[in-house]
Number of protein chains: 2
Amino acid sequence: MIRCDTTTAWAALRGHFEAHGRVFDLREAFIRDTERTQGLTWSAPEIHADLSKNLIDTATLHFLHDLARECGVEQHRDAMFRGQPINVTEGRAVLHTALRAPRGAGPFSDEVHDVLDAMFAYAERVRDTAASGIRHVVNIGIGGSDLGPQMAVVALEPFVHPALTMHFVSNVDGHDLARVLRRLKAEETLFIVASKTFTTQETMANAMAARAWFLAQGMKEADIAKHFVATTTNIKAAAQFGIDTTFGFWDWVGGRYSLWSAIGLPIALAIGAAPFRSLLEGAHAMDRHFAEAPLSCNLPLQLGLLDVWYRNFHGFTSRSVAPYHQGLARFPAYLQQLEMESNGKRVDMAGEPVPFATSPVVWGEPGTNGQHAYFQMLHQGTDVVPVEFIAVRTPSHGLADQHTKLLANCLAQSQALMLGKSAEEAMKESAPTASATLDRAQLAQHRSFPGNRPSTTFVLEALTPRSLGALTALYEHRVFTSGALWGINSFDQWGVELGKALANQLLPRFASGDVQGLDGSTAALLKRLAS
Amino acid sequence: MIRCDTTTAWAALRGHFEAHGRVFDLREAFIRDTERTQGLTWSAPEIHADLSKNLIDTATLHFLHDLARECGVEQHRDAMFRGQPINVTEGRAVLHTALRAPRGAGPFSDEVHDVLDAMFAYAERVRDTAASGIRHVVNIGIGGSDLGPQMAVVALEPFVHPALTMHFVSNVDGHDLARVLRRLKAEETLFIVASKTFTTQETMANAMAARAWFLAQGMKEADIAKHFVATTTNIKAAAQFGIDTTFGFWDWVGGRYSLWSAIGLPIALAIGAAPFRSLLEGAHAMDRHFAEAPLSCNLPLQLGLLDVWYRNFHGFTSRSVAPYHQGLARFPAYLQQLEMESNGKRVDMAGEPVPFATSPVVWGEPGTNGQHAYFQMLHQGTDVVPVEFIAVRTPSHGLADQHTKLLANCLAQSQALMLGKSAEEAMKESAPTASATLDRAQLAQHRSFPGNRPSTTFVLEALTPRSLGALTALYEHRVFTSGALWGINSFDQWGVELGKALANQLLPRFASGDVQGLDGSTAALLKRLAS
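A brief report on the enclosed structure follows. For clarity, every value in this text was computed on a predicted model and none was experimentally measured. (Residues numbered from 1 in each chain as written. Chains lettered and ligands numbered in written order. Predicted model: local features only at pLDDT ≥ 70, side-chain atom pairs only at ≥ 80, totals over all residues. Heavy atoms only, no water.)

With an RMSD of 0.0 Å, the operation that places chain A on chain B is a rotation of 180 degrees combined with a shift of 0.0 Å along the axis. The two molecules are tied by a two-fold rotation axis, judged by turn and shift. By residue overlap, the copies meet face to face through one surface: 99% of the interface positions of chain A are interface positions in chain B. (Least-squares fit on C-alpha atoms with pLDDT ≥ 70 in both. Contact = heavy atoms within 4.5 Å.)

So, in structure tokens, the structure goes:
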């Protein structure tokens, strides 16, 4: 990998930005080039992507493609697929793509499919609810062991077994577990303990509390093996807990890339084996697209390049994701981990501090809800925040009229962001609620919109396991691309270690009350909080 | 109001920032001033606030207080409390504070308390579930008619009537309503239609669909009056719908400030009259603090000033809210509307474009979940994002051990953000997983943290209706303060109008397929989405 800022393409991009990028006007661009939409639209498996409402044109793409080539993004991608140890700080391969390759098609294929087959067989036994007696599944896991499975189960709700209710407990805060346990009967409940090492502080605290609750309900130690299952590589610790069913994975599966592995057990329990296989197939189709499509036709590559263009040239600091589908309510939270944990880094692979910005803040809520909340700021705030709309053509419900309204709103928002409304246009409209202190011209200023605010629109035919798999893999590869251009390691997460270490140092102080050596703020807060 | 950038205090602040702010080091500040924490800690009703891990010192405060005085923030605050029409573009007063004043204590007191009393009487009748037969309450509303009530009901879950399940439907996306209806029996369900005008597109679409579902379940038109209630000022339209129980409010109640009014009906149904009164009392206590505490002791004022300091001098573009309480899971979404809809403006009250940045992006998830997701970026990313921790001393569950772990993590995160870890310190630790390509010094760079990253910690004794009321009012007044300093109108939302108008123009095109006059992107998307 060549770091982006050391290339000649980077300097050329800088020149292009200064000459054309800074003053780029979307409205003019559409008038100037009537083929603009066709030139800036991509097709990938399950996903149609319209990038034409972004602050780019084909010249920008030309420079960005040069950058990708000079940085060697495609070679780096190939190294990932081949299983080279591109996670250099941990000396590991990065092979979540192997988790969704068909049997015989990728590295570790037999290991992967043996675990999948065992997991599916187990899931189908539990899903025979008349025989298993299970009605509630509680996934206890945090980070990647929570966000991915939860996002997918929420998204695929119409596919979920009607007799099973899925719960997700992640926070070490006991309110999280207590809220769920209140609704459960031990004899109807299956707990999944999801922790690669079986030592994650939050997960083990919740698992031990769930175990104690289970026994307090009159269940026996011998029942634990039937009502607790673990997704872990630490079979010994799980056995000590009383668990004899475990599903494992490998050191080349990062937490935030693990929903395709045994960590996806809650998804398999919720939707069953065949739909889970469709989820994997959708992701695999996107993997093939990413691996094989030429640079200029490759959707994840375009998106990663656009992210660099916005972050390092336009200087945009966040990106808002607006899924116009209530099922994708947890998708933004999932993406926060995927993108900000992967690319929230300040040194390159060699350990050199980078002189440019990396991961933006990623945030959002489903549309149309956001329109009645923070969209005010997107339209009339002082900062530009690129928005990513996700529209789904076919709903899974029968309220066709509402679906049309939803889609009309989705398109109208990207239109409004781009078109804006001048004060002159606002003046021509009938005056709004009278103001005692402002004249018509002043009120028109309040009712004007700058416009020229960029957005991307993704279209899915329907929200299915297959399309969700493709969509998720698309974001994975896009994050890979921007990370590769920035020359950072997108696959470690050293930034979580210091807080963990300090929490362990603080914990005994809550009992002892000893605040020696702490900064004044932490000492005072500890005194106040320790009871 | 004097706009901040036109004051002499602003110029003085600029000088202070260039001389001291830009290079401010938190770690040194704590060593230099052993009284730092005491000097930067505030007490307000129900809330203890430690601001000492922020990039300020008493000199900064001095300059900020000058700014507040010169801008006339206190006079503007007094004008709000008096009911002057400070929402200048709509010619309206801004009196959410009147909604929580005791009877006889504020403007419109009798009207406010008559509605509250009627609402509480109604709520208590429904809460007698044996008599009412109601087991499920579905609030249909969007924006302020959804986020506030939902946030509060989630936060106050331990106080919720055990026989009632609360649901919130907001999105025009039919998946939202369909997901909820699937679990309901019509004869056990009460629907609240929450829309000031009874015309909000999303809310009316969902209300009509709920009504149709209700009748399709074999219920009669005459049953509608018992199973539907409206929080609206449009009594006539509600009557046409079949609703005869309505609770109203006033034009001086903004949507995002309305949970204290009849829009809070779902809260009253969930927790009952007396706890709802405690919620109001907590907010009222914070109102008195904001109205009466001297500038230097006034917590909302300090927070609003800090926001301006970070946004306009340090240039931070977002703020992350990290409630270390699972009950506050929806608090960040609530704050997104409160802050970004209020202050996401680019013209001042007189309609002049402002030459500085206004509302930041506000975002977050509960801790400790965030630690396993995006905190990587907060610690080691290239941008500085101030974090706001909310810690609660006493839990409402019995898992004391988990609560101590939660609090230790909360304090450890603010410590880690501030202290960081140098590469030299990282070098001294035992080496992590071996790397074939990186030496020890390079790995230490990956494991180092810059530190000096600011945070605020709020401490609540317990999460109760009273403390939640105070906390919410604190944020309202803080947003008022920054908005006042910026000289913008925090109480209108013209930015939502253009999208609404364009959606209405696009809607018939989905049936006709006519794309004439549309930009190429919108035309192509419409063709693809219209079936």
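So much for the structure itself; the text now carries on.
What follows concerns the sheet that holds strand E8 (residues 318–323) of chain A. One key point about sheets: their strands pair by backbone hydrogen bonds, in either a parallel or an antiparallel sense. All names here are of chain A. Taken together, the 6 strands give an open sheet; going across it, the order is E1-E2-E11-E10-E8-E9, and neighbouring strands pair in mixed fashion. The open sheet has two edge strands, strand E1 (41–44) and strand E9 (361–363), and neither has a second partner. Strand-to-strand twist in this sheet, taken as the mean axis angle between neighbours without regard to direction, amounts to 20 degrees. As defined by bridge partners, E1 adjoins strand E2 (residues 47–50) across 4 bridges and the pair is classed as antiparallel. Bridge pairing in E2 links Ala 44 to Ile 47. (Pairing = 2+ DSSP bridges. Helix = DSSP H or I, 4+ residues; strand = E, 2+ residues; numbered from the N terminus. Axes fitted to C-alpha atoms, helices over the stretch in contact; angles between N-to-C directions.)

Next up on the list: the packing of aromatic side chains. Residues and elements named next belong to chain A. According to the stated counting rule, one finds 52 aromatic pairs over all chains in the structure shown. Arranged with centres 5.4 Å apart and planes meeting at 50 degrees, the rings of Tyr 257 and Phe 491 form a pair that is tilted. Separated by 234 residues along the polypeptide, Tyr 257 in the loop between strand E7 (246–247) and helix H13 (265–271) and Phe 491 in the loop between helix H21 (465–486) and helix H22 (497–512) bring together distant segments of the chain. On the basis of relative accessible area, Tyr 257 is assigned to the buried category, the value being 2%. (Phe/Tyr/Trp six-rings, centres within 6.5 Å; stacked < 30°, edge-to-face > 60°. Buried < 20%, exposed > 50% of the residue type's maximum accessible area, 1.4 Å probe, protein only.)

The next point concerns unusual backbone geometry. All names here are of chain A. Here the amide bond leading from Gly 367 into Thr 368 is cis, since omega sits at 10 degrees, within 30 degrees of zero. Although it is not a glycine, Asn 452 sits at a positive phi angle of roughly 60 degrees. Its location among the elements puts Asn 452 in the loop between helix H20 (440–446) and strand E11 (455–462). Since its relative accessible area comes to 18%, Asn 452 is described here as buried.

Another point: the packing of helix H4 (residues 58–71) of chain B against helix H15 (residues 299–314) of chain B. Any two packed helices are characterised by the angle at which their axes cross and by the distance between the axes. Residues and elements named next belong to chain B. For the pair H4 and H15, interaxial distance at closest approach is 10 Å and the crossing angle is 100 degrees. As far as their axial angle goes, H15 and H4 are roughly perpendicular. On the side of H4, the interface is formed by Thr 60, Leu 61, Leu 64, His 65, Leu 67 and Ala 68, while H15 contributes Gln 302, Leu 305, Val 308 and Trp 309. A breakdown of the residues in the contact of H4 with H15 according to their chemical character gives 7 nonpolar, 3 polar and no charged. (Parallel < 35°, antiparallel > 145°, perpendicular 65-115°, else oblique. Nonpolar A, V, L, I, M, F, W, Y, C, P; charged D, E, K, R; others polar.)

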